[in-house]
Amino acid sequence: MDYLLTEDQIMIRDLARQIAVEKIVPVRAELDEQNKFPTDIMKAMAQADLFGIYIPEEYGGLGKKSFELYIAIEEISKACLGVSTSYAANALGTYPILLHGSDAQKKKYLPNIASGKHLAAFGLTEANAGSDASGVQTTAKLEGNEYVLNGTKQWITNGGEAQIYTVIAITDKSKGARGASCFIVEKGTPGFTFGKKENKMGIRASSTTELIFNNCRIPKENLIAREGMGFIVAMKTLDCSRAGVGAQGVGVAQGAIDECIKFAKGRVQFGQPITSFQAIQHMLADMQTQTEAARALVYSAARMMDSGAKDFSRASAMAKLFATDTGMKVTTDAVQIMGGSGYMKEYPVEKMMRDAKILQIYEGTNQIQRNVIALDMIKEASRQK
Amino acid sequence: MNIIVLVKQVPDTSEVKINRETNTLIRDGVPSIINPFDMFAIEEALRLREQHGGKVTAVTMGPPQAADALKETVAMGVDEVVLLSDRAFAGADTWATSYTLAQGIKKLGAYDLVIAGKQAIDGDTAQVGPETADMLGIPFIAYIKKIEAIAGGKMTVERMMDDGYDVVESSLPALITVVKEINQPRLPSLKGKMKAKNLKVTTLTAKDINADENLLGLKGSPTKVVRIFPPAPRGQREILSGTIEQQVDQVVKKLKEQSLV
Ligand SMILES: Cc1cc2nc3c(=O)[nH]c(=O)nc-3n(C[C@H](O)[C@H](O)[C@H](O)COP(=O)(O)OP(=O)(O)OC[C@H]3O[C@@H](n4cnc5c(N)ncnc54)[C@H](O)[C@@H]3O)c2cc1C
Ligand SMILES: Cc1cc2nc3c(=O)[nH]c(=O)nc-3n(C[C@H](O)[C@H](O)[C@H](O)COP(=O)(O)OP(=O)(O)OC[C@H]3O[C@@H](n4cnc5c(N)ncnc54)[C@H](O)[C@@H]3O)c2cc1C
C-alpha cells in the first residue's frame, strides 16, 4: 500500500526504523525480562530528534504534526511496545502544554521536551478514577502564590523517569467535572514522590508508578489554561494521543506478521512448509488485510486532525479502537501460526502478544472508545433529525 | 576547537571484485558508505565539540558522488564539509591522496585537531593519516582509543597497543587516527538530515588548493601496482554438511581419527 508519504515523512520513518532495528530489537527481550527502562534508547531517540517531531519550530521542534509522530510511533512499536509506550506517553504528557499552555509555559518546557532532555508524563488516573475520570480525588488548593496538591495518581507511564508531569486535580469540588484543573509539576518538587514501579504483564520496558502528592507546593503559574478547564484539557489531550495508541497497534501487528511469516516459511510439517497450508495462508492474508485497514484508519484520523478539524474525537476513537483490537488479534494469530515456538521466549511474538493487550486498556478502554463513538453518532443523528 | 575529520567514501562490502586487466577495484554497482573507521572519527569530533565548543569540518577527496558521504556527516551533526574533487586527483596512491588532503586542510585556515580513521576498509593501508600529518608538519599519533584530556594547547590520549595501551601527550595541532574502541557512533538526526538534504557541498579543485599538479593523481603517485591477486588457498579443505549435531559428530570423529584429540 502506498500512502504517498512526503520526503520528510519517509526520512522520519526510515530513521525511526533504523533506531528500532539497530538499537531496540537487540535488547528488547532483556528490557522485558528485567523490567528495565530503556534509558540508552531514549537518549539515542533524543539525539535523532524524534522527541521534537510534533513540536513547533519556535520551541525547538521540527514543526511537524500528528501524522509524522504516528509514523515514528508505528516504527518503534514494530520493535517494542514497551519502548514505544515510553515514547508515546511523553507526547501524552506534553499535549496539555502544547494545546492549552501559555506562551511562557511553552517557552519554559517545550524546548527541553523537544530535545529529549526532559521526558514528560500525564497523570489523570487514580484508584477511584479509571474509566470514570470524574472520580478524581487529588486536590489543588490555591494558597497565596502557590497551589498545594494532595492525593495519589495511579499507573502513570514514565512515572519516576519523567521530569515534567501534567496532572489533573480538583480545584473546586462543588463544581463536579467543571471543578478540575490541569497543572505542571516538576520532578524534585518537595512533597512530590513516586510509589513502587508496577510489575506488569507486558510493556515491561515502560515505567508505571504512582505519583504521590503530599502538601506539594507549586507556583501559581503552573496552572494550565484556567481553573475548571482540567477535563477539557484532558479530553483534548486524549483526542490527540488516542490515534497514536492506534499507531502502536498497527506497529505491533506488523511486527508480529513480519516475524511469523519469516518463521512459517521455514517451518516444515507433513513434508512441506506450513505456508503451503491454505489455513495458514488465509490467516496471514487476514492479518495483513486487517493491519492495512487499521493503518489506513490511523493515517486518515491523523490527516483529519492535522488539517485543522475542530472535532475529531470520533475519528481518533475509531482509529484507537480498530487498530488496537487488530493489534491484539494479529499478535494472537502470530503466536498461533508459530505454534509452540510462538509461545516461547526465544521468539518475539509471545512478548508482542503480552504487550498488545495494554493497547485495549489504556487511554480509555476499548469499551469507552465505543461509548465515545456511539454517543457522537447519536448526537449527530439527533442534530440532523 | 576547530576540528577537521578526514572521511573516505568506500564500497559497502569487502568483497568488491578486481579488474584482472588493470588490477584495480571494480566499484560500479556497489553501494557506497562512509569508511566505518571514519564514523568513529566523526563521533569523536562531535563529542569534542559538545565539550569544548567550536566547529567540525569534514573533508574528503573523491569523485563528485563522494558529496553523499559528506552529507551523511552533516546528518550526524558536522558543521561544514569540503569536497576535494578534480580529474587531476584520479588514480592517486596514498602519497598523492595525502598531499591533496594536506593542501586542502591548509586552505581551511587554523585548526586544532585532525582526526582520521585507523584505516580504510578498501585500500586498507593505514598510510593516509601519518602521511597527511607529515605533510602538514604536525605531530601524529595512531590508534587512539581514548582522548583523556585537551587543554592549554595540549592533549593526552591513549594509544592502543597489542598488549595494553600507551598514554601519550602531544602539542596541538596534531593528527590522530582512531580505533573502534573509542566510542559508539551516533545515528543521524532529523534536523541534520533536513540540513543535509538542502546542502550544496563546497567543492575545491586542484587550483583552489594551490596544488602542484605533478604531485597529484596518477602522475604524483610513486606507488605502482604490479599485480593484485587473491592468495592461493592453502591445504586440503573439506566442507561438512548435515545438521549442526551431525557436523559436530563428524568433526569429533575426524579429529579422533587423526589423533588430534
Ligand atoms: C500500564 C498502564 C499504563 C497507564 N498509563 C497511564 C498514564 O500514563 N496516565 C494515566 O492517567 N493513566 C494511565 N493508565 C490508566 C488507564 O488509562 C486506565 O487503566 C484505563 O483508563 C481504565 O481504567 P481502569 O483500569 O480503572 O478500569 P475500570 O474503569 O475499572 O474498568 C474496568 C472494566 O469496566 C469497563 N467499563 C468501565 N466503565 C464502563 C462503561 N461506562 N461502559 C462499558 N464498560 C465500562 C472497562 O472497559 C473495563 O473493561 C495506565 C494504565 C496501565 C495499566
Ligand atoms: C598505485 C595506486 C593507484 C590507485 N589508484 C586508484 C584509483 O585509480 N582509484 C581509486 O579510487 N583508488 C585508487 N587507489 C587507492 C587509493 O590510493 C587509496 O584508497 C587512498 O589513497 C587511501 O588509502 P587507503 O584506502 O589505504 O586509506 P587509509 O590510509 O587506510 O585510510 C586511513 C584514513 O585516512 C583517511 N582517508 C583516506 N583516504 C581519504 C580520502 N580520499 N579522503 C579523505 N580522507 C581519506 C580516512 O580518515 C581513513 O580512515 C590507488 C592506490 C594505489 C596504491
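Residues numbered from 1 in each chain as written. Chains lettered and ligands numbered in written order. Predicted model: local features only at pLDDT ≥ 70, side-chain atom pairs only at ≥ 80, totals over all residues. Heavy atoms only, no water.

Q: Quick question: what am I supposed to make of the packing of aromatic side chains here?
A: Within a pair of aromatic rings, the relevant descriptors are the distance that separates the centres and the angle that separates the planes. Within the structure shown, the criterion is met by 12 aromatic pairs over all chains. Residues B:F37 and B:F40 carry aromatic rings whose centres are separated by 6.4 Å and whose planes lie at 50° to one another, so their mutual orientation is tilted. In this pair, B:F37 and B:F40 are both assigned in helix α1 (residues 36–52), 3 residues apart and thus about one turn of the helix distant. Across this residue pair, the class does not change: B:F37 and B:F40 are buried. Pairwise contacts between aromatic rings join A:Y165, A:F192, A:F194 and A:F213 into one cluster. Its end group placed over the ring of B:Y165, B:K145 keeps NZ or CZ at 4.3 Å from the ring centre. (Phe/Tyr/Trp six-rings, centres within 6.5 Å; stacked < 30°, edge-to-face > 60°. Helix = DSSP H or I, 4+ residues; strand = E, 2+ residues; numbered from the N terminus. Buried < 20%, exposed > 50% of the residue type's maximum accessible area, 1.4 Å probe, protein only. Lys NZ or Arg CZ within 6 Å of the ring centre and 35° of its normal.)

Q: For this particular structure, what's the right way to read the sheet that holds strand β6 (residues 55–61) of chain B?
A: Strand pairing within a sheet occurs via backbone hydrogen bonds; the two strands may be parallel or antiparallel. All names here are of chain B. Spatially, 9 strands are ordered β11-β10-β9-β12-β8-β1-β6-β7-β13 in an open sheet, and the strand pairing comes out mixed. Unpaired on one side and paired on the other, β11 (164–171) and β13 (202–204) mark the two borders of the sheet. Strand-to-strand, the axes of this sheet are offset by a mean angle of 30°, without reference to chain direction. Examined bridge by bridge, β6 and strand β7 (residues 80–84) share 5 bridges and lie parallel to one another. If you follow T60 over to β7, its bridge partner there is L83. (Pairing = 2+ DSSP bridges. Axes fitted to C-alpha atoms, helices over the stretch in contact; angles between N-to-C directions.)

Q: Sorry if this is basic, but what is going on with helix α2 (residues 67–76) of chain B here?
A: For an α-helix, 3.6 residues make a turn, and residues three or four places apart therefore share a direction. All names here are of chain B. Of all the 10 residues making up α2, 7 are buried; the element is thus mostly covered by neighbouring parts of the structure. Within α2, the full set of buried residues consists of A67, A69, L70, T73, V74, A75 and M76. Looking at the packing, one finds that the buried side of α2 touches β2 (9–11), β5 (32–34), α1, β6, β7 and α5 (190–197). Following α2 by one or two positions, G77 adopts a phi angle in the positive range, close to 125°. (Contact = heavy atoms within 4.5 Å.)

Q: How should I be thinking about the pattern of salt bridges in this particular structure?
A: Close approach of charged atoms lets side chains of opposite charge pair. For the structure on display, the rule yields 39 salt bridges over all chains. For the salt bridge of A:R295 with A:E74, the shortest nitrogen-to-oxygen distance reads 2.9 Å. Here A:E74 lies in helix α4 (residues 66–79) and A:R295 lies in helix α8 (residues 278–306), a separation of 221 residues in the sequence. You'll find A:R295 and A:E74 in the same group, each marked buried. Taking the shortest distance from any N to any O, the salt bridge between B:K154 and B:E169 comes out at 3.7 Å. Taken together, the residues B:K154 in strand β10 (residues 154–161) and B:E169 in strand β11 connect sequence positions 15 residues apart. Here the salt bridges share partners, and the residues they tie into one network are A:D32, A:R204, A:K345, A:E350 and A:R354. (Salt bridge = Lys/Arg side-chain N within 4 Å of Asp/Glu carboxyl O.)

Q: Would you mind showing me how to read the interface of chain A and chain B here?
A: Often the size quoted for an interface is simply the accessible area lost on bringing the parts together. If you look at the interface, chain A gives 18 residues, while chain B gives 13 residues. For the pair chain A and chain B, the two sides together bury roughly 1300 Å², of which 65% comes from carbon and sulfur. Area buried by chain A at its contact with chain B is led by A:M11, A:L15 and A:Q47, which between them contribute 37% of it. At the junction of chain A with chain B, the criterion picks out 1 salt bridge. For B:K197, the salt bridge is made with A:D8, and the minimal N-O distance between the two is 2.7 Å. In this assembly, chain A and chain B are joined by 6 residue pairs in polar contact (both at pLDDT 80 or more). For the side of chain A that touches chain B, the element with the most residues is helix α1 (residues 7–24) of chain A, which contributes 9 residues. (Buried area = accessible area lost by both parts, 1.4 Å probe. Polar contact = N/O pair within 3.5 Å; in protein donor to acceptor, adjacent residues only side chain to side chain.)

Q: Hey, could you run me through the domain arrangement of chain A in this one?
A: Residue and element names in this part refer to chain A. For chain A, the assigned domains are domain 1 (7–119), domain 2 (121–228) and domain 3 (231–384). Each side of the interface is counted separately: domain 1 has 22 residues, and domain 3 has 34 residues. Of the roughly 2400 Å² buried between domain 1 and domain 3, counting both surfaces, carbon and sulfur atoms make up 64%. Summed over the three residues of domain 1 that lose the most area to domain 3, namely F67, Y70 and L81, the buried surface amounts to 28% of that side. Where domain 1 meets domain 3, there are 3 salt bridges. The partner of R354 in a salt bridge is D32, with the nearest N and O atoms 2.8 Å apart. At the surface where domain 1 touches domain 3, the tally comes to 9 residue pairs in polar contact (both at pLDDT 80 or more). Of all the secondary-structure elements, those providing two or more residues to the side of domain 1 that touches domain 3 are α2 (28–34), α4 and α5 (81–100). A per-element tally of the side of domain 1 that touches domain 3 places α5 first, with 9 residues. Here the side of domain 1 that touches domain 3 is built from residues that sort into 9 nonpolar, 6 polar and 7 charged. (Domains from an automatic or database assignment. Nonpolar A, V, L, I, M, F, W, Y, C, P; charged D, E, K, R; others polar.)

Q: In this structure, what is going on with the site of ligand 2? I would like to understand it.
A: Residues and elements named next belong to chain B. Looking at ligand 2, there are 28 residues lining it, with K8, D38, A92, A120 and T125 nearest. Between an oxygen atom of ligand 2 and a main-chain N or O atom of L6, the distance comes to 2.8 Å. Here a nitrogen atom of ligand 2 sits 3.4 Å away from a polar atom, N or O, in the main chain of V7. With the chains in place, 82% of the 940 Å² that ligand 2 exposes on its own is no longer accessible. The set of elements that each furnish at least two residues to the shell around ligand 2 consists of β6, α3 (94–107) and β8 (113–117). (Near = heavy atom within 4 Å. Areas by Shrake-Rupley, 256 points an atom, 1.4 Å probe, with all protein chains shown as cover.)

Q: Please explain the state of the cysteines as it appears in this structure.
A: Residues and elements named next belong to chain A. A full pass over the atoms with the stated rule returns 0 disulfides over all chains. Residue C240 stays outside any disulfide, its sulfur separated by 13 Å from that of C182, the closest cysteine. Take C260: it sits in no disulfide, and the sulfur closest to it among the cysteines is that of C80, at 19 Å. Under the relative-accessibility criterion, C260 is labelled buried at 0%. (Disulfide = S-S within 2.5 Å.)

Q: Can you walk me through the packing of α4(A) against helix α7 (residues 230–266) of chain A in this structure?
A: The packing of two helices is summarised by the inter-axis angle and the distance between the axes. All names here are of chain A. As a packed pair, α4 and α7 sit with axes 7 Å apart at the nearest point and diverge in direction by 35°. In the crossing of α4 with α7, the sense of the turn from one axis to the other is right-handed. Of the residues in α7, those touching α4 at Y70, I73, E74, S77 and K78 are C240, A243, G244, A247, Q248, V250, G251, V252, Q254 and G255. Of the residues belonging to the contact of α4 with α7, the class tally is 7 nonpolar, 6 polar and 2 charged. (Left-handed = near helix turned anticlockwise from the far one by under 90°.)

Q: Help me understand the site of ligand 1, please; the structure alone is not making it clear to me.
A: Residues and elements named next belong to chain A. Taken together, 21 residues surround ligand 1, and among them T125, S131, T157, T365 and Q367 come closest. If ligand 1 stood free it would expose 970 Å²; the protein chains cover 65% of that surface. Those elements giving two or more residues to the shell around ligand 1 turn out to be β1 (120–123), β3 (146–157) and α11 (366–384). Residue assignment places the shell around ligand 1 across two domains, with domain 2 (121–228) and domain 3 (231–384) each supplying three or more.

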